[in-house]
Every structure is written in structure tokens, then in C-alpha cells.
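Observations on the model geometry
For reference, the chains in residue letters:
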Amino acid sequence: MSAAPLVLVDGSSYLFRAYHALPPLNNSKGQATGAIKGVINMMRRLRKDYPHSTLVVIFDAKGKTFRDDIYKEYKAHRPPMPDDLRSQIEPIHNIIRAMGLPLICQEGVEADDVIGTLARIATEQQRDVVISTGDKDMAQLVNQHVTLVNTMTDTTMDVEGVKEKFGIPPELIIDFLALMGDKVDNIPGVPGVGEKTALGLLQGLGSIKDIYNRLDEVAGLNFRGAKTMAQKLAENRESADLSYLLATIKCDVELGFVLEDLHNTPADNATLSEYFVDLEFKAWVSDLANAKTTEPNNLHAESAPSQLDATAQDAAKADITLDYQTILDEASFNQWLAKLKAAPLFAFDTETTSLDYMNAQIVGVSFACEPGIAAYVPLAHDYLGAPAQLDRNWVLAQLKPLLEDPNTPIVGQNLKYDANVLSNHGIELRAIKFDTMLESYVLNSLGRHDMDTLALAHLGHTTISFEDIAGKGAKQLTFNQIELDKAAPYAAEDADITLRLHLALWQQLQNQPSLLNVFNSIELPLVKVLHSIERNGVLLNAEVLNQHSQELTKRLDELEKEAFVLAGKEFNLASPKQLGQIFFEELGLPILKKTKGGVPSTAEEVLQELALDYPLPKLILEHRGLAKLKSTYTDKLPLMIAPSTGRVHTSYHQAVTATGRLSSNNPNLQNIPIKNSEGRRIRQAFIAPKGYKIVAADYSQIELRIMAHLSGDKTLLAAFNEGKDVHSATAAEVFGVALDQVKPEQRRSAKAINFGLIYGMSAFGLAKQLHIGRAQAQQYIDLYFERYPGVKKYMDNTRIDAADKGYVETLAGRRLYLPEINDRNGLRRQAAERTAINAPMQGTAADIIKLAMISVYEWLNKTQQPARMIMQVHDELVFEVKEDHVEQFTREVCKIMGAAMTLDVPLLVEAGVGNNWDEAH
């Protein structure tokens, strides 16, 4: 048996990959832990994959390297390392050392150079080496003894693998990098040479040295631009040579030790336990407590997420034996169907022709009943040479009773999409019991909740990406065009990973009763409601939008001409560079802010401030606003009308915002302006069908009412309970006047104070909004807190509580984590404190509207109302209601919405009626 290979780990590559791949994680003290967890998880995986190997971890050292001396612009464009990543480096280093692994940081060179040197020495000793990295530059080190491994994609690359991936052998990789350059590292390369050109040159003539010796042959090569390339190469010889030098991994670093000095030692369990306890890696602490020996291999097996039972731990293992089957005959399908019917739980997923749920058709279905065992049933792959597949209608008919039975125990990832697609085939998915996307979202709303991210974070598993099998860009294949040998493992994995994720996440939810309640009573029941709203769609009058679009075009032309007059010349209104030149160089406007590059800023907030005193910025703002309205809504909405229904069908997203609010896209209904006439005109295009009216029911001042409840402030509670206008009541308190003597400008100021404070507005922000001095704004705030001491006490207590726990909660128990609540950076900490104050209000408002939607939906179905819910926007629900039922419907729906949650103040719901959305609200 050959000796185990030496494993060299590119720690710096791991560090950044883990940081960007995983959702932000923090312990209760606010310490960022996501990169730590990701890096150490990968180290544990490597220890398990190479149990008999010496594993050495190499990181970049602090400070400059010899490449900076050669070329001052080397890596100059890279942004500074984020503070929350920097803070994780020392713990990572400490844990790696405690794991018994050698860790190397060599000053003056990069980690790549140390790895290259060690790989060269090992090769000279005829010793095999595995380099674990995601860095393409390392391909230059591959030889008969050196192989690359990418743990993120579970791929290896030997000499033949390099040729297959890059189209050239390892010995030409440096030349390849030098010709193309590298924007990330700021290696200049040769201008005009991209990947295809570089390959054409290298495959046609050989190395850079050969190319420059044979420049007269370049014009005859078969790539675009070959005829003029020789001149470009000749003019940029110096740049090519510099780039070659910068791209070359140094393989003769003076290390100060010999290869034989590197070996793994037994892990220091006691120290590891201290680190894991401090970082709150509970599952790893449990692993250590259960370990029977101190041998390193016992300490680095893949662990499941925290607090999992044995079944879930088994499910979370990334190395379980996989059995993925492709079902092409009725007998095999019937066997699986029997399994599904008998299973206590199974995962289900669809593969489709499109992400547009209204037009998507099913290409295949997959399921899994136990971890590692899954099946894919292809139904409509139609590429040339595709094998015979089961009849789609027959398969769906067999599955229909199971999927439409509400007692079927099914789990999926974003099942709302599958429900929509199944609706296209006449199946109503009632069997929605669990959804891994929503389970993850309820556990921690921050970060991403797609399957790829969750699999890496919770299972330590890198999934097959869609781009891996379909390609990317304009030439990306749709699923029906993908060959079965690629499509089947991808689809089966989707079902398998969904099941394994659920087993991991569900145990965590069960250990958090308040979060489990949020999932069971809010998020999961909402899926069917949103599915219904999406299917209903909304009716649009395309003529109204087309007319509006023409008028906007005319107005934009007028604004452009006015801008040219004010500027004294024609220019591109959308160009920040030209705007900056006109504003600050030619017109001499004050520079209020600069970009990171030191250029005067023309960002939105800068223009808003300049617009208070200068006409051109004001005009530019108006132009930008109207141009956005035109491109986003008046031009685009008519094109989004579905031919099959004559309606627009938005997509609602439950797992996007941190606070629990819904978002929507295609189109984004949340951002249609309501405060200006142009925005309201867009709402006029959302119309009721003949014989119906639009009813819009909206919560009034809901976040202020929640503030009154949370703070328990007696004065604020009294104002709401006595039915007073709260802004006038606040004005009376702050300005010391009788309620009936409050002036309109005082009420406007009070309104700004009321809403500003619940969003954490400072005296500076209030002064800016009210156009008053900062001292006067501070006086208003002091008076407010003097009159509403309960609010002040709530805010102070919330800051303290959030800093202690690391999160805040809504009244329903939804949790929002605050990664920067204890940050050493004052600005970040203050921003987190503002979020801590506002999030319980905004999150509770989100919970209330969701609970209202569920109650209204159930009432609509139970009583068979001649109405349907067609939109949810912020605190508003919009319906189509038959004309002769409007009055009764409106009365009842306001009652149901008002009872969605019991507070110490009434939930006031106001409803409007009209022929279009603008008339109704």
C-alpha cells in the first residue's frame, strides 16, 4: 500500500470562502463565528477524508510580500478585510493548533509560495501531495505527485484534470494567467487578451517565451482579433513579463524547517472544549465530551448541528453512503410509490422548465424517504437521444391522491414554488407539513436560506450546483435539455439533502418552543395563503400604463432640456462622472461627501441635500425618480401580464427580510410610490374586473400602537385607547399646548418625532428632516422622553437586553439576531442598537399582517365569500369583491384583521373601496 499523501491546506483560501459562503453567525456575545465554523468544519472533513495523512495548514502572514516590492499596485484594488472576519482569524489559528495540526504563516511571501515550496520538496522526495484549495492559480503546481482537491465542490484535479478544465497542461498555467491578467489580484496582463485569446495563443504557439519568439505567426491563429494581436503583444511585452513574475508561485522559499519536522500531534481536548464553549459550538462540545480517546481522528468527524438526536446526527453526516436511483419503468415507480405511502415522512421536489411559476412545466420529480436514498423520475427530458421515460400524466395521476391528502407527511425546500407548478398540472398540494427554507428562516432570519447555503452550513456538504450541470449565461440549458446522467444525481440530491436538512433543523426548532410556534402558527400556514394570492394575480389596465409611459417620456425629455440649460451644456444625466464635473467643477456646488476613491459623491442622499438649495440637483432627482418609475413599472408591467390569465402574478418571498416582512418581485409591489401623483397613477392601473370593486384594508399606525404596547407608557396608551390622533396628542405634549390648539406644522413635527424615534433617529437626523437646528431637535427629543418616560425606559432596557442576549423578539416570539450589538466599532454597535429598538415593532407588525392573512383566507374559504385576496403590501391587504357584497365584506374583514393579535391598544383597520387600487387606498 502506498504511503498516505501529505495534505497542504490553503488556509487563507478557506477563510474567505467560508466567510462568503455561510450566512452570518454570531454567538450570544456578538462574536462573529461563521468563518470559524466553516473553516474548522472543512478541517474536520479533511481529517476524516485523509485519516493517515499529515495535514499542514498554511495562512498568509500579515504585511507586504515580495510581490508588493515588484509591483506597488499588486492587490491594490482589494478592499480591506471586514472587521467581523478579521476578529475570527486568531480563534481559527488557536483551534487549528489545538487540533494538533501544524500551522504556518511565513512573512514576506504568500501562503501559495509556502505551499509551492513544500510541494516541490515532497515531489523531489517522490512523495504524493494533496493541496486543498479553491484557488485556480494552484493548478500550476500540479504534476505526477501533486493533486488539487476542492472541498467546496468535492472535485479533484490531477494533470489530466488541469488539461480538461483549462485546455492546457499545468506547465502553461502561469503563461495563461500572465496573458489574461487578474482583476482580483490586479495583475495587469496583456490588454485585449481574455480567456479565449490566451488559450488560442498558448495552444497554437506554446509558452509566452515561444509566443514572443514567433510573433509573426500570431496572425494566422484561429481566434478573433488574431490579425492585430501581434502588435498588442509587442507593445505590452513588459506588462506580460511583469504579470508572469507576479503569477508565478515561488517554490524556493527559505522555510527554516524541513519537511520531516511537520507531523500531526494528539489534539488538546481540554483547550478545544474551552474554545467551543466560548464560541457556543454546542455539538462540537458534545463530541468532545463523548470522545473515548484523544486521538485526532476521533475529534474531526463531521458533526451535526447543535442539539440533534441520534437520528438527526446520522442524517447530517456528509459521508453517508448514497443510493440515487433513476426511475424509468412502471414497476420501479410503483415500488417507490408504495415506499412513499408507507413512509413516516418523505421529501419531495420538482424539476421544471422555468423559474416562472405560472409558465413552468414539470420535467421530473424526486423523492427521498431516508437519508442517502433518493430517486428521480424523469418525465419530459427532450434532448436528442434522451431515453424513453414514463408518461408524465400517468405519473402525476398516481401521485395526485398522495399530494392532495393533507395528512401526507411531506417536506420540501420552498414548497410554495412546487405547489404553483403542480397547480399548472391540476394538482393541489395540500400535503405541506414542513419546509426547510422556512425552518432555517425561523431559526435565524439573517443570511441566505437556499439549499446550497444550508447544506454547507448544517451538513458540511457541497451540493451539485445548477450551473455545474446546465452551464451559465445565455447558453444555460433548461432542465429538460440536460442529459439524465447529469440531471438525475442533481435532482435526487435535492430530495435527499432536503430530508437531511429537515432532520437537522427540526430538532433545533423543537428545542426552541417560541420559534417552533412561529413556524407552526405563522410561516407554514402562510404558504397556502401566498400560493392562493399568487395564483389569483391582479388585473391591470395596460392602456393606462401605456398612456402614462408616453407622458413620462415627454416629461423626461423636458427635464433633460431644462437640465442642459441649467448646466450650460448637454450631458448624460445618468453619468455620476459627468454630474460630478458639472456640479463641483463648473457650478461650484459644495462637496458634501466623497466616495471611497476620494471622488465627490453624487449619491441620492447628497442630491437630496443639495436640492434644498440648488435647482439642478432637484431636477436630477425628479428625472431619476420618473425614469425609474417608467423603466420599472409603466414600461414593464404590461409585459408581465400572463397570456393564460390576462393578469400579473407577483412572487411573494417569506425568507428574505430580517424582520419577517414579506417581499415580492416580478413585479415588486412593495415599492410602488404612494406619496406622489406619478406613483398613484400607477396604482390606478390595478383595476377591478367587471361587477367587482377593489377593497383595500390597511392597519393604521400599527408600529406606534405596538410601541405603546411594548413600552407600556401610560400617556401613549391613553392616547390610543381614547381614540385621539396620536400625532396631535404628541404635539400637545411636546409643545405644551392644548390638543385643540395644535398647529399643522406642530403635528408634522410630532409625526416626524413619533416615527423617527421608533427607527432610532438621532437629533442630527431629526434636525435634517425638520430643517431645524440640532440643539432644537435634541430639545424636542428630550421633551418627548420627558412626556413619554415609558418609551425611554423601553428603549434603554431593550439595548441592555439585546446586548446580553444577542437578539430581540417580537410579541409572537420571532427572533432577530444582532451580530454587531457588542461590536467594538461604535457606529456598528449604535446601528445594531437602533435595529434592536425597531425590530420588535416592525417584526410584530409583520407577524400581525401574516396572522391576519391566514385568518382572512380561512374565513374566505369557509364562508365562500364572493371575493378573493389579490395583494399584500406593507400593512395593507387588497381584495376583489363582488359589488353587492362590498359593505358586508369590508365590515367583516376589518373585524378579522383587528383581532389578529391582542394588544393593550386597539388595532385600527381602515378600509377603502374603488374601481382601482388608487381609489381604494
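Basis of the calculations
- Here, residues in each chain are numbered from 1, in the same order as that chain's written sequence.
- The predicted nature of this model means local features are confined to residues of pLDDT at least 70 and side-chain atom pairs, given and counted, to a pLDDT of 80 or more, with totals for whole chains, interfaces and linings taken over all residues.
- The side-chain numbers reported here are obtained from all heavy atoms of the structure, hydrogens and water having been left aside.
- The numbering of helices and of strands both runs from the N terminus, where a helix is a DSSP run of H or I of at least 4 residues and a strand a run of E of at least 2.
- Note on method: radius of gyration uses C-alpha positions; expected globular size equals 2.2 Å times residues raised to 0.38.
- Exposure classes here rest on a 1.4 Å probe applied to the protein chains alone. A residue is buried below 20% of its type maximum, exposed above 50%, and partly exposed in between.
- Note on areas: Shrake-Rupley with a 1.4 Å probe; residue coverage comes only from the protein chains shown.
- Residues scored as positive are Lys and Arg, those scored as negative are Asp and Glu, and His as well as the terminal groups of each chain are ignored.
- The location of each charge is read from NZ of Lys, CZ of Arg, CG of Asp or CD of Glu.
- Two aromatic rings from Phe, Tyr or Trp, using only the six-membered ring of Trp, form a pair when their centres are within 6.5 Å; if the ring planes differ by under 30 degrees the pair is stacked, by over 60 it is edge-to-face, and anything between is tilted.
- A positively charged side chain is recorded as over a ring if its NZ (Lys) or CZ (Arg) lies within 6 Å of the ring centre. The angle to the ring normal must also be within 35 degrees.
- The disulfide definition used here is simple: a pair of cysteine sulfur atoms within 2.5 Å.
- Each residue after the first adds 1.5 Å to the expected span of a helix.
- Confidence of the predictor in every single residue is expressed as pLDDT, which spans 0 to 100.
- Working rule for contacts: check all heavy atoms of both residues, and any pair within 4.5 Å makes them a contact.
- Two strands pair under a simple rule: DSSP has to find at least two bridges between them.
- To obtain each axis, a line is fitted to C-alpha atoms, and for helices this fit is confined to the stretch in contact; angles are then taken between N-to-C directions over 0 to 180 degrees.
- For classification purposes, angles smaller than 35 degrees are called roughly parallel, those larger than 145 roughly antiparallel, those between 65 and 115 roughly perpendicular, and all remaining angles oblique.
- When the near helix sits turned anticlockwise from the far one by under a right angle, the crossing is termed left-handed; a clockwise turn instead gives a right-handed crossing.
- Each residue receives one of three labels: charged for Asp, Glu, Lys and Arg, nonpolar for Ala, Val, Leu, Ile, Met, Phe, Trp, Tyr, Cys and Pro, and polar for the others, Gly being one of them.
- Two N or O atoms form a polar contact when they lie within 3.5 Å of each other; inside protein one atom must be a possible hydrogen donor and the other a possible acceptor, and for residues adjacent in sequence the pair counts only when both atoms belong to side chains.
- Criterion for a salt bridge: a side-chain nitrogen of Lys or Arg within 4 Å of a carboxyl oxygen of Asp or Glu.

A word on the overall build of the chain. Assigned secondary structure in the chain consists of 38 helices and 23 strands. Its C-alpha atoms give the chain a radius of gyration of 31 Å, near enough to 29 Å, the size a compact globule of 921 residues would have. Principal-axis analysis of the C-alpha atoms gives the chain an extent of 90 × 75 × 60 Å. By the burial criterion, 53% of the 921 residues in the chain qualify as buried. Accessible surface, the chain as shown: approximately 41,500 Å² in total, 50% of it carbon and sulfur. Taking the 93 positively charged and 118 negatively charged side chains of the chain as two groups, their mean positions are separated by 5 Å.

Applying the stated criterion to the full structure yields 21 aromatic pairs. Between phenylalanine 479 and tyrosine 490, the aromatic rings sit 5.8 Å apart at their centres with planes inclined by 40°, giving tilted as the arrangement. Of this pair, phenylalanine 479 sits in the loop between helix H21 (466-470) and helix H22 (484-510) while tyrosine 490 sits in helix H22; the two residues are 11 residues apart in sequence, bridging distant segments of the chain. Classification of phenylalanine 479 as buried rests on a relative accessible area of 2%. Aromatic ring contacts, followed pair by pair, group Tyr376, Phe466, Phe479 and Tyr490 into a single cluster. Positioned above the aromatic ring of tryptophan 917, the side-chain terminus of arginine 683 is 3.9 Å from the ring centre.

If you walk through the whole model with that rule in mind, you get 0 disulfides. There is no disulfide at cysteine 251, and the cysteine sulfur nearest it, in cysteine 105, is 19 Å away.

What follows is about helix H5 (residues 111-124). Along its 14 residues, H5 runs 20 Å from first to last C-alpha, staying within 8% of the 20 Å computed at 1.5 Å per residue. H5 sits mainly inside the fold: 12 of its 14 residues count as buried. If you check which residues of H5 are buried, you get Ala111, Asp112, Asp113, Val114, Ile115, Gly116, Thr117, Leu118, Ala119, Ile121, Ala122 and Thr123. A positive phi of about 60° marks glutamine 126, the residue just after H5.

With that out of the way, let us pick up the confidence of the model for the chain. Averaged over all residues, the pLDDT of the chain equals 88, while 95% of them reach at least 70. For residues 292-313, every residue scores under 50 in pLDDT, and the model assigns this stretch 60 contacts once sequence neighbours within four places are set aside.

Across a sheet, paired strands are connected by hydrogen bonds in the backbone, their directions being either parallel or antiparallel. With antiparallel pairing, the 4 strands of this open sheet are ordered in space as E21-E22-E18-E23. Only two strands of the sheet have a single partner each, and these edge strands are strand E21 (867-873) and strand E23 (909-914). On average, adjacent strands in this sheet sit at an angle of 20° to one another, irrespective of strand direction. In the sheet, strand E18 (residues 692-699) pairs with E23 via 6 bridges, with the strands oriented antiparallel. Pairing of tyrosine 699 across the sheet is with valine 909, part of E23.

The contact between helix H16 (residues 330-342) and helix H17 (residues 392-404) brings their axes to 11 Å, and the two run at 10°. Between H16 and H17, the angle is such that the two are roughly parallel. For the pair H16 and H17, contact is made by Glu330, Phe333, Asn334, Leu337, Leu340 and Lys341 and by Trp394, Val395, Gln398, Leu399 and Leu402, respectively.

Here the focus is the packing of helix H29 (residues 702-711) against helix H36 (residues 826-863). When two helices pack together, their arrangement is captured by the angle between the axes and the distance separating the axes. Where H29 contacts H36, the two axes come as close as 9 Å, and the packing angle between them is 115°. Relative to H36, H29 is oriented so that their crossing is right-handed. Only Asn838, Pro840, Met841, Gln842, Thr844, Ala845 and Ile848 of H36 make contact with H29, whose side of the interface consists of Ile702, Glu703, Ile706, Met707 and Leu710. In the contact of H29 with H36, the residues fall into 8 nonpolar, 3 polar and 1 charged.

Right, let's get into the environment of arginine 500. Of note, arginine 500 is situated in helix H22. Residue class for arginine 500 comes out buried when judged on its relative accessible area of 1%. Along the primary structure arginine 500 and proline 371 are separated by 129 residues, whereas in three dimensions their C-alpha atoms are 5.9 Å apart.

This next bit is on the sheet that holds strand E1 (residues 6-10). Taking strand neighbours across the sheet as the criterion, the 6 strands line up as E3-E2-E1-E4-E5-E6 in an open arrangement whose pairing is mixed. Looking at the sheet topology across the chains shown, the edges are occupied by strand E3 (103-108) and strand E6 (155-157). In this sheet, adjacent strand axes meet at a mean angle of 25° when their direction is disregarded. Two strands pair when backbone bridges link them, and strand E4 (residues 129-132) and strand E5 (residues 146-150) are joined in this way by 4 bridges, in the parallel orientation. Bridge pairing in E5 links isoleucine 131 to leucine 148.

Time to look at unusual backbone geometry. With an omega dihedral of 0°, the bond running from asparagine 666 to proline 667 counts as a cis peptide bond. Topologically, proline 667 is positioned in the loop between strand E16 (663-665) and helix H28 (677-683). In this structure, glutamine 126 takes a positive phi of about 60° despite not being glycine. With respect to the helices, strands and loops of the structure, glutamine 126 is situated in the loop between H5 and E4.

We now examine the environment of aspartate 875. Within the secondary structure, aspartate 875 sits in the loop between E21 and strand E22 (876-882). Accessibility expressed as a relative area gives 15% for aspartate 875, which makes it buried. Separated by 750 residues in the primary sequence, aspartate 875 and glutamine 125 have C-alpha atoms spaced 70 Å apart. With near-sequence residues (within four places) excluded, aspartate 875 lies in contact with Arg661, Ala697, Asp698, Tyr699, Ile702, Ala845 and Ile849. Side chain to side chain, aspartate 875 and arginine 661 meet in a polar contact 2.8 Å long.

Before going further, it helps to examine the pattern of salt bridges. According to the stated counting rule, one finds 39 salt bridges in the structure shown. Between glutamate 551 and arginine 681 there is a salt bridge; the shortest N-O distance is 2.5 Å. Taken as a pair, glutamate 551 in helix H24 (residues 542-567) and arginine 681 in helix H28 lie far apart in primary sequence, 130 residues in all. The class of glutamate 551 is partly exposed, set by a relative accessible area of 34%. Residue classification places arginine 681 among the partly exposed positions, given a relative accessible area of 23%. Arginine 828 is the salt-bridge partner of glutamate 820, the closest N and O atoms lying 3.7 Å from each other. Glutamate 820 gets classed as partly exposed once you look at its relative accessible area, which sits at 30%. Here arginine 828 falls in the partly exposed class, since its relative accessible area comes to 27%.

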